Amino acid sequence: VQLLESGGGLVQPGGSLRLSCVASGFTFSSYAMRWFCQAPGKERELVARISEAGGSTNYPDSVKGRFTISRDNAKNTVYLQMNSLKPEDTAVYYCHTYIRGTNYWGQGTQVTVSS
C-alpha cells in the first residue's frame, strides 16, 4: 500500500489549496479514505472522511463549509479542496486508509497559511 500526497504549500489567509493523494497497492474503490492534519506540538486529527463510492462525507466543525473531500476511483486519487484558509490550518496533512486492521499513512504534505 502506498499513499502519495501532493499540493501543499504556502498560502495567504483566505486563500485556497487543493491536496491530492494517489493510492496504489490495494483496491482503492473498496475503502474509505481520510485526510488528517497535525500541527506542531499537537495530536494528529481528522479533517475529512469519504466513503468508498464517495457518496458520504464527514467533517469536524472546524473545517465544515471550508474543506471538501472528493475522490476519483478511476484515478485512485482522493482530493481535499481547502478554501478560506486560516493560519490555524497550518499543519502537515496526511492521507489515510484502514485496511484489515492496519492503518496506512502517506508521507504528508506541508500546508502553511501565513501573510
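Conventions used here
- Residues numbered from 1 in each chain as written.
- Predicted model: local features only at pLDDT ≥ 70, side-chain atom pairs only at ≥ 80, totals over all residues.
- Heavy atoms only, no water.
- Core = buried A, V, L, I, M, F, W, Y, C linked by side-chain atoms within 4.5 Å.
- Buried < 20%, exposed > 50% of the residue type's maximum accessible area, 1.4 Å probe, protein only.
- Helix = DSSP H or I, 4+ residues; strand = E, 2+ residues; numbered from the N terminus.
- Contact = heavy atoms within 4.5 Å.
- Phe/Tyr/Trp six-rings, centres within 6.5 Å; stacked < 30°, edge-to-face > 60°.
- Lys NZ or Arg CZ within 6 Å of the ring centre and 35° of its normal.
- Disulfide = S-S within 2.5 Å.

Take the nonpolar core next. Core analysis: the biggest nonpolar cluster contains 29 residues, and Phe26, Met33, Trp35, Val78, Leu80, Met82 and Tyr93 have the highest contact counts within it. Residue assignment for this core shows that the elements contributing at least two residues are β3 (17–24), β4 (33–38), β5 (45–50), β7 (67–72), β8 (77–82), β9 (91–99) and β11 (109–113). Those residues in contact with leucine 80, other than ones at most four positions away along the chain, are Leu17, Arg18, Leu19, Trp35, Val47, Ala48, Phe67, Thr68, Ile69 and Tyr93.

A separate point is the environment of arginine 34. Residue placement: arginine 34 occurs in strand β4. Remark: the alpha-carbon pair of arginine 34 and lysine 86, spanning 52 residues in sequence, is separated by 21 Å. What arginine 34 contacts, discounting residues up to four positions off in sequence, is Leu46, Ala48, Arg49, Tyr94, Cys95, His96, Thr97 and Tyr98.

Tallied over the full model, the rule gives four aromatic pairs. Relative to tyrosine 31, the ring of phenylalanine 26 lies with its centre 5.9 Å away and its plane at 70°, an arrangement referred to as edge-to-face. The pair phenylalanine 26 / tyrosine 31 is uniform in exposure class, with both members buried. An aromatic cluster of at least three residues, connected via ring pairs, comprises Phe26, Phe28 and Tyr31. Here the basic side chain of arginine 44 rests over the ring of tryptophan 105, its NZ or CZ set 4.5 Å away from the ring centre. Positioned over the ring face of phenylalanine 28 is arginine 71, at 4.3 Å from the centre of the ring.

Let's shift gears to the environment of valine 1. Structurally, valine 1 can be placed in the segment before β1 (2–6). Taking the C-alpha atoms as reference points, valine 1 and tyrosine 104, separated by 103 residues in sequence, lie 7.3 Å from one another. Setting aside residues up to four positions removed in sequence, valine 1 forms contacts with Ser24, Gly25, Phe26, Ile99 and Tyr104.

In this section: the state of the cysteines. Per the stated rule, a full pass over the model turns up one disulfide. With its sulfur 2.2 Å from that of its partner, cysteine 21 forms a disulfide with cysteine 95. Its S-S torsion of approximately -80° makes the covalent link between cysteine 21 and cysteine 95 left-handed. Residue cysteine 21 is found in strand β3, and its partner cysteine 95 is found in strand β9; the two are separated by 74 residues along the sequence. Using a relative accessible area of 0% as the deciding quantity, one classes cysteine 21 as buried.

Of note in the backbone geometry, asparagine 76 takes a positive phi value of approximately 50° without being a glycine. In this fold, asparagine 76 is placed in the loop between β7 and β8. With a relative accessible area of 26%, asparagine 76 lands in the partly exposed category. Residue serine 84 is not a glycine yet carries a positive backbone phi of 50°.

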